[in-house]
Amino acid sequence: MKAETRVAPCLVPRLVEVRRNVLKQNDVIARVLREQFRTAGVLAVSLVSSPGSGKTAFLEKTLTLLHSRYKVAALVGDLATENDAARLARSHAPVRQIITGTVCHLEVAMVQNALKGRELNQLDFLFIENVGNLVCPSSYDLGEELRFVLLSVTEGEDKPLKYPTIFHSADVAIITKSDLAAAVEFDEATTRRNIQAVRPGMEVFKLSSKTGEGMTEFLEFLKRHRTRPTAASV
Amino acid sequence: MHELSIAMSIVEMAQEEAERRGSVQVHAVQLRLGQLSGVVKQALLSSYEMACATTLLEGSQLLIEEVPVEVFCPKCELPRLVTSIQWFCCPECGTPTPTVLHGKELEVVALEMTE
């Protein structure tokens, strides 16, 4: 009779190739959403900046100026409070607040959720204001067509060098609070040089949400990026 | 600080892969982390330990391979490693370039496991 042979379980660790993008789930939804925006003819843009650089004031001004001729909407992310949505409602554009709780950035699922029930083809422009943070939002694609990074003249010329990742991830830089430039001796040339160092060729706008300086050029830029007829005129 | 949520995604992903392969223990996770991923290595390492607690990955190691930023130089027509992420230009000829070929990775490449 033959002795029964038993194979011992393999206990030697082995290396298994996986190759998976950690943020794949986010990226997949972002791609789907971007395609939906394009098909619907809505230009979706997101805004990132540090807290207090004037995202909400800028957005309020932009929504107010666009509202008469275009269908605009906004989503605003904050850790807590609905203050920003209340401020933006003064522009008469539909605004939805996304409360992130303890999360320091927006993820695309939050955007997708906040857009539920909204007819995208009824919109010309959608603005997504991220949580005030120059670090974490850089990792998350929100499905936006363009990402704007804002920095105010009061923040210091070296902000792009201190946060190169988020500046690099953006498509356009917007220098806000230009009405305060002289008071804080803002060095515009150095700021522009630093922006170009981390993102060569990036378009830069300098404006004031308070006085309206530079807003015309910025709005022209936005309109140029919309290639379809306006939803408002349909 | 979003490293904890990233660490939890890594653990979840590794656990899923390990279970699918009938693994009993994961000893290490190999990760490629780009310099432009927006994730801080040290913060990720400490978050990882927390995220592993009471999972199949408890006690495992996160092995991070940092991926430098490689750009494409339009003048040299070659891939080049930037010398600093504060200066996106070709280190050889100085031509500025925004075209990034590598450096945004945040990818689990392999798992070291016992079956």
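Residues numbered from 1 in each chain as written. Chains lettered and ligands numbered in written order. Predicted model: local features only at pLDDT ≥ 70, side-chain atom pairs only at ≥ 80, totals over all residues.

## Some thoughts on the overall build of chain B
- Along its length, chain B carries two helices and six strands.
- Starting at the N terminus and walking to the C terminus, you meet the elements of chain B as α-β-α-β-β-β-β-β.
- Relative to the globule expectation of 13 Å for 115 residues, the C-alpha radius of gyration of chain B, 17 Å, shows a markedly less compact shape.
- The buried share of chain B, reckoned over its 115 residues, is 35%.
- Of the contacts made within chain B by residues no fewer than 6 positions apart, 71% connect residues no fewer than 24 positions apart. (Helix = DSSP H or I, 4+ residues; strand = E, 2+ residues; numbered from the N terminus. Rg over C-alpha atoms; globule rule 2.2 N^0.38 Å. Buried ≥ 20, exposed ≤ 12 C-beta atoms within 10 Å, placed from the backbone. Contact = placed C-beta atoms within 7 Å.)

## A short note on the sheet that holds strand β6 (residues 106–114) of chain B
- Strand order across the open sheet formed by four strands is β1(A)-β6(B)-β1(B)-β2(B), with mixed pairing between neighbours. Either end of the sheet is taken by a strand with one partner, and the two such strands are β1 (14–21) of chain A together with β2 (61–67) of chain B. Neighbour-to-neighbour, the strand axes of the sheet open up by a mean angle of 20°, direction not taken into account.
- Pairing of β1 of chain A with β6 of chain B, which is carried by six bridges, proceeds in the antiparallel orientation. Note on β6 of chain B: the bridge partner recorded for E17 of chain A is A110 of chain B. (Pairing = 2+ DSSP bridges. Axes fitted to C-alpha atoms, helices over the stretch in contact; angles between N-to-C directions.)

## Description of the nonpolar core
- A74, F125, V149 and A173 of chain A are the most contacted members of the largest nonpolar core, which has 61 residues in total.
- Setting aside its immediate chain neighbours within four residues, A74 of chain A contacts L59, L63, L88, A93, V95, F127 and E129 of chain A.
- One finds V22 of chain A together with Y48, A51 and C52 of chain B within the second-largest nonpolar core, a separate group that totals 23 residues. (Core = buried A, V, L, I, M, F, W, Y, C linked by C-beta atoms within 7 Å.)

## Here's the deal with the interface of chain B and chain A
- Contact with chain B, which involves 30 residues of that partner, is made by 29 residues of chain A.
- Where the side of chain B that touches chain A is concerned, the elements lending two or more residues are α1 (3–20) and β6 of chain B.
- Top contributing element to the side of chain B that touches chain A by residue count: β6 of chain B, with nine residues.
- Residues that form the side of chain B that touches chain A fall into these classes: 17 nonpolar, eight polar and five charged. (Nonpolar A, V, L, I, M, F, W, Y, C, P; charged D, E, K, R; others polar.)

## A word on the sheet that holds strand β5 (residues 100–102) of chain B
Residues and elements named next belong to chain B.
- With antiparallel pairing, three strands are arranged side by side in an open sheet as β4-β3-β5. This sheet does not close on itself; its edge strands, each paired only once, are β4 (78–81) and β5. With direction set aside, neighbouring strand axes in the sheet form an average angle of 40°.
- With two bridges connecting them, strand β3 (residues 70–73) and β5 associate as antiparallel partners. In the strand pairing of β5, V71 is matched with V100.

## Observations concerning the pairing of strand β6 (residues 146–152) of chain A
Residues and elements named next belong to chain A.
- With respect to burial, β6 is a largely interior element, six of its seven residues being buried.
- When strand β2 (residues 43–48) meets β6, the two strands line up parallel, connected through four bridges. From the neighbouring strand, L47 faces β6, where its bridge partner is F148.
- In this structure, β6 lies alongside strand β7 (residues 172–176), joined through five bridges in parallel fashion. Its bridge partner being in β7, S152 is matched across the sheet by T176.

## Some details on the pairing of β3 of chain B
Residue and element names in this part refer to chain B.
- Where β3 meets β4, four bridges bridge the pair, whose relative direction is antiparallel. Bridged to F72 within β4 is P79.
- The antiparallel hairpin formed by β3 and β4 contains four residues in its connecting segment, where E77 sits at a positive phi of about 55°.

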